[in-house]
Amino acid sequence: MTNNNMRNTKVVTGKVRLSYANVWEPKAINGSEPKYSVSVIIPKKDKKTIEAVNKAIDAAMENGVAKFGGKVPKRSAIKMPLRDGDLEREDEAYADAFFINANSKVAPQIVDQDCNPILDQNELYSGCYGRVSITFYAFNSNGNKGIAAGLGNIQKLEDGEPLGGRSSAAADFATKADEDFLG
């Protein structure tokens, strides 16, 4: 977007938690085109990221005014990407947080804290913490209007408790095989 009339719609988050991380292989949902996706959980106390997201959403609304019939709609009249985890999810991981579901047809680059590529798919998972680049854009498809979130790149910052009920082999087999644990 080098056009001077286009406002900046890209945000690099602060520290967030990743959920539903389908970032290694694209996944089709309900027969749609396969995409890479992640739910980005933003703590409500991260005012800087939330403010940046809201500014980028406003910019996407202005940039996409043609998709909305020539005028910027009220936020309440269209689908918005920044959602309240306390209101929309019955999941402790989303408590006291906002979330954004971001996706892309193109695989995100996934890097560590030093921006070295992460190649081991076990290193980035639902539950770990990182930063995510997201670009917001307007859509108008079959009567559905709103702002969507395009997944850019992901930087892992630290490990976290895995989400989704999975446990590690180390945790599952922490007891010795010869111990009488069924006793």
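Up top is the structure.
A. Structural view of the overall build of the protein. Within the protein, the regular secondary structure consists of three helices and eight strands. For the protein, the α and β elements follow one another from N to C terminus as β-β-β-α-β-α-β-β-β-β-α. Residues classed as buried in the protein amount to 37% of the 183 residues present. Here the contacts in the protein between residues at least 6 apart in sequence split such that 68% fall between residues at least 24 apart.

B. Molecular detail of the nonpolar core. Membership of the largest hydrophobic core comes to 34 residues, with the highest contact counts inside it found for Phe136 and Ile147. Mapped by element, the contributors of at least two residues to this core are β2 (16–27), β3 (35–43), α1 (47–63), β5 (97–104), β7 (129–141) and β8 (144–158). Broken down by element, the residue count for this core peaks at six residues, all from α1. Not counting residues up to four positions away in its chain, the partners in contact with Phe136 are Thr9, Val11, Val53, Ala56, Ile57, Ala60, Pro81, Ile100, Ile147, Ala148 and Ala149. Within the second largest apolar cluster, five residues are counted, among which are Ile41, Ala93, Tyr94 and Phe99.

C. Representation of the environment of Lys156. Considering the arrangement of structural elements, one finds Lys156 in strand β8. Between the C-alpha atoms of Lys156 and Cys128, which are 28 residues apart in sequence, the distance is 7.4 Å. Residue contacts for Lys156: discarding those within four places in its chain leaves Val111, Asp112, Gln113, Ile118, Glu123, Leu124, Tyr125, Cys128, Tyr129 and Gly130. Here Glu123 takes part through its backbone oxygen, which lies 2.6 Å from a polar atom of the side chain of Lys156. At 2.6 Å, the side chain of Lys156 forms a polar contact with the side chain of Asp159.

D. Inspection of the pattern of salt bridges at higher detail. Counted by the stated rule, this structure contains nine salt bridges. The salt bridge partner of Arg75 is Asp58, with a shortest N-O separation of 2.8 Å. Of this pair, Arg75 sits in the loop between α1 and β4 (83–84) while Asp58 sits in helix α1, and the two are 17 residues apart along the sequence. Notably, a salt bridge pairs Glu88 with Arg83, separated by 2.8 Å at the nearest N-O pair.

E. Here's a closer look at the environment of Val12. Mapping Val12 onto the fold places it in strand β1 (residues 10–12). Here the alpha-carbon distance between Val12 and Thr49, two residues 37 residues apart in the chain, equals 7.9 Å.

Thresholds applied
- Residues numbered from 1 in each chain as written.
- Predicted model: local features only at pLDDT ≥ 70, side-chain atom pairs only at ≥ 80, totals over all residues.
- Heavy atoms only, no water.
- Helix = DSSP H or I, 4+ residues; strand = E, 2+ residues; numbered from the N terminus.
- Buried < 20%, exposed > 50% of the residue type's maximum accessible area, 1.4 Å probe, protein only.
- Contact = heavy atoms within 4.5 Å.
- Core = buried A, V, L, I, M, F, W, Y, C linked by side-chain atoms within 4.5 Å.
- Polar contact = N/O pair within 3.5 Å; in protein donor to acceptor, adjacent residues only side chain to side chain.
- Salt bridge = Lys/Arg side-chain N within 4 Å of Asp/Glu carboxyl O.

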